[in-house]
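# Secondary and tertiary structure notes
Below, each chain spelled out in residue letters.
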Amino acid sequence: MIKDIQEQILKLKKEHDVCILAHCYQTHDILEVADYIGDSFGLAQQAAKAANKVVMMCGVRFMAETVKILCPEKTVLLPEPDAGCPMAEQLDTEMLARLKAEYPYHAVVAYINTTAELKTQCDVCVTSSSAVKIIRNMLEDKILFIPDRNLGGYIKAQCPEKSIVTVKGCCPTHARFTAKDVERAKEAHPNAFVLVHPECGADVVEKADFVGSTTEIMSYAKKSDRTEFIIGTENSIVQHLGIDCPEKRFYPLSKDFICSNMQLTKLGSVLRCLQGKGGEEIVLDEQTRLAAKKSIDRMLELGND
Ligand code: 13P
Ligand code: SF4
């Protein structure tokens, strides 16, 4: 059944010249039909290079918007229109205008998990894997970091030379776990290394052996000589690592570590979208696109090696 759907997807994507980009939080059956799999930074880099006429983003809305910002000439599809990132909706342009009035001399650095509209008001975007490098590379010392207080706090600790103001946003999936959850998982698996995403709270990050983006966590676990890991991010990463490294053991920090938005997209959603029976084409007005593009271009400039 899965193989059947995958074959239909592969046939249709070839016929319609579609490039499928998939975030690592998608299920393994989707990753198997994707042309590129990555974290938010890798997906943006890939979007800028894709040669196909159509790009389908299996992930959440802000990721599909980033593709459209970078590739206006392409048709950009989001297979499940309701797949949004709640954190991206936590701050709007009016709230940001008030913050800018409060911190008029601060450069505005936005986590890429923001709407295209909000990006129009920001100086540079960052992702979890590129944030520290980009902020270190910036000439500005005073930074207003929006909206994730946890990633902001992590960057602050890594870049003590900068003066960084954070706000109250967070990822509802990552922010609900605490040091207690880490202690419980470590008690159950005393030999396991703890790998967490920087969207987790400071108390969780403090107890971790490694902090990184989704792809950084996966490549760390794959390369490590260790054999047991507790994974402090969305549980799809536990699934992928278990399949890719059957000789190692991966345990979720919690069985409830699930982003329901990321999991909205199913293999069937991908097929329906390719058949023209579902999904949404991302449309941005040119003024918004061009204004938002400045912060994404700056991210790629400062974050690329
Ligand atoms: P990455 O940058 O690690 O892909 O994170 C995106 C995200 O939404 C994590 O919750
Ligand atoms: Fe957004 Fe959190 Fe889901 Fe990532 S895990 S898409 S930050 S809600």
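Preceding this paragraph is the structure being described.
None of the values given here were measured: they were computed from a predicted structure.

This part takes up the nonpolar core. Within the largest apolar cluster, 93 residues are counted, with the highest numbers of intra-cluster contacts made by Ile-135, Met-138, Phe-145, Ile-146, Ile-231 and Met-299. With six residues, helix 4 (residues 61-70) is the single largest residue contributor to this core. Residues Ile-9, Val-33, Met-56 and Leu-77 belong to the second largest nonpolar core, which totals 19 residues.

The next point concerns the packing of aromatic side chains. If you walk through the whole model with that rule in mind, you get four aromatic pairs. Between Phe-210 and Tyr-220, the aromatic rings sit 4.3 Å apart at their centres with planes inclined by 20°, giving stacked as the arrangement. Within this pair, whereas Phe-210 is found in strand 10 (residues 210-211), its partner Tyr-220 is found in helix 11 (residues 214-223), the two being separated by ten residues in sequence. Their ring planes at 15° and their centres at 5.4 Å tell us that Phe-229 and Phe-250 sit as a pair that is stacked. Remark: Phe-250 occurs in strand 12 (residues 249-252) and Phe-229 occurs in strand 11 (residues 228-232); sequence separation between them is 21 residues. Accessibility expressed as a relative area gives 11% for Phe-250, which makes it buried. Through a chain of ring-to-ring contacts, the aromatic side chains of Phe-193, Phe-210 and Tyr-220 assemble into a single cluster.

Turning to empty space enclosed by the protein, a few remarks are in order. Following the criterion strictly, the structure yields one cavity of 30 Å³ or more and no others. Taken as a whole, the largest cavity encloses approximately 50 Å³ of empty space. What lines the largest cavity is simply Ser-40, Leu-43, Ala-44, Ala-47, Met-57, Phe-62, Met-63, Thr-66, Val-67 and Ile-112. When residues of the lining of the largest cavity are traced back to their parent elements, those giving at least two are helix 3 (40-49) and helix 4. For the lining of the largest cavity, the residue count by class is eight nonpolar, two polar and no charged.

Attention shifts here to the site of ligand 1. Lining the immediate environment of ligand 1, one finds His-23, Tyr-25, Asp-39, Ser-40, Tyr-111, Asn-113, Ser-128, His-174, His-197, Glu-199, Ser-213 and Thr-214. In the model, an oxygen atom of ligand 1 is placed 2.9 Å from a nitrogen or oxygen of the Glu-199 side chain. Calculation on ligand 1 without its partners gives an accessible area of 300 Å², and the protein chains cover 96% of this total. Taken atom by atom, the bulk of ligand 1 overlaps the largest pocket.

With that settled, consider the packing of helix 1 (residues 2-15) against helix 13 (residues 267-274). In a pair of packed helices, the angle between the axes and the distance between the axes together describe the arrangement. Following both chains from N to C, one finds helix 1 and helix 13 inclined at 35°, their axes separated by 10 Å at the closest point. As for how helix 1 packs across helix 13, the hand of that crossing is left-handed. Residues Ile-2, Ile-5, Gln-6, Gln-8, Ile-9, Leu-12 and Lys-13 of helix 1 lie in contact with helix 13, whose contacting residues are Leu-267, Val-270, Leu-271 and Leu-274. For the contact of helix 1 with helix 13, a count of residues per class yields eight nonpolar, two polar and one charged.

Looking now at the pattern of salt bridges. On inspection of all chains with the given rule, the structure shows 14 salt bridges. We note a salt bridge from Arg-61 to Glu-280, for which the minimum N-O separation is 2.8 Å. Taken as a pair, Arg-61 in helix 4 and Glu-280 in strand 13 (residues 280-281) lie far apart in primary sequence, 219 residues in all. When the shortest N-O distance is used, the salt bridge between Lys-162 and Asp-141 registers 3.8 Å. A residue pair is termed long-range when its members are at least 10 positions apart, and Lys-162 in the loop between helix 8 (149-158) and strand 8 (163-166) and Asp-141 in the loop between helix 7 (131-137) and strand 7 (142-146) qualify at 21 residues. By relative accessible area, which is 10% here, Lys-162 ends up buried. A single network of salt bridges, built from pairs that share partners, joins Lys-180, Glu-183 and Lys-207.

About the thresholds
- Residues numbered from 1 in each chain as written.
- Chains lettered and ligands numbered in written order.
- Predicted model: local features only at pLDDT ≥ 70, side-chain atom pairs only at ≥ 80, totals over all residues.
- Heavy atoms only, no water.
- Core = buried A, V, L, I, M, F, W, Y, C linked by side-chain atoms within 4.5 Å.
- Buried < 20%, exposed > 50% of the residue type's maximum accessible area, 1.4 Å probe, protein only.
- Helix = DSSP H or I, 4+ residues; strand = E, 2+ residues; numbered from the N terminus.
- Phe/Tyr/Trp six-rings, centres within 6.5 Å; stacked < 30°, edge-to-face > 60°.
- 1 Å grid on protein atoms, 1.4 Å probe; cavity = no way out; pocket = protein on both sides within 12 Å on 5 of 7 lines; lining within 4 Å.
- Points joined across faces, edges and corners; volume = space filled by probe spheres on them.
- Nonpolar A, V, L, I, M, F, W, Y, C, P; charged D, E, K, R; others polar.
- Near = heavy atom within 4 Å.
- Polar contact = N/O pair within 3.5 Å; in protein donor to acceptor, adjacent residues only side chain to side chain.
- Areas by Shrake-Rupley, 256 points an atom, 1.4 Å probe, with all protein chains shown as cover.
- Sits in = over half its atoms within 2 Å of the grid points.
- Axes fitted to C-alpha atoms, helices over the stretch in contact; angles between N-to-C directions.
- Left-handed = near helix turned anticlockwise from the far one by under 90°.
- Contact = heavy atoms within 4.5 Å.
- Salt bridge = Lys/Arg side-chain N within 4 Å of Asp/Glu carboxyl O.

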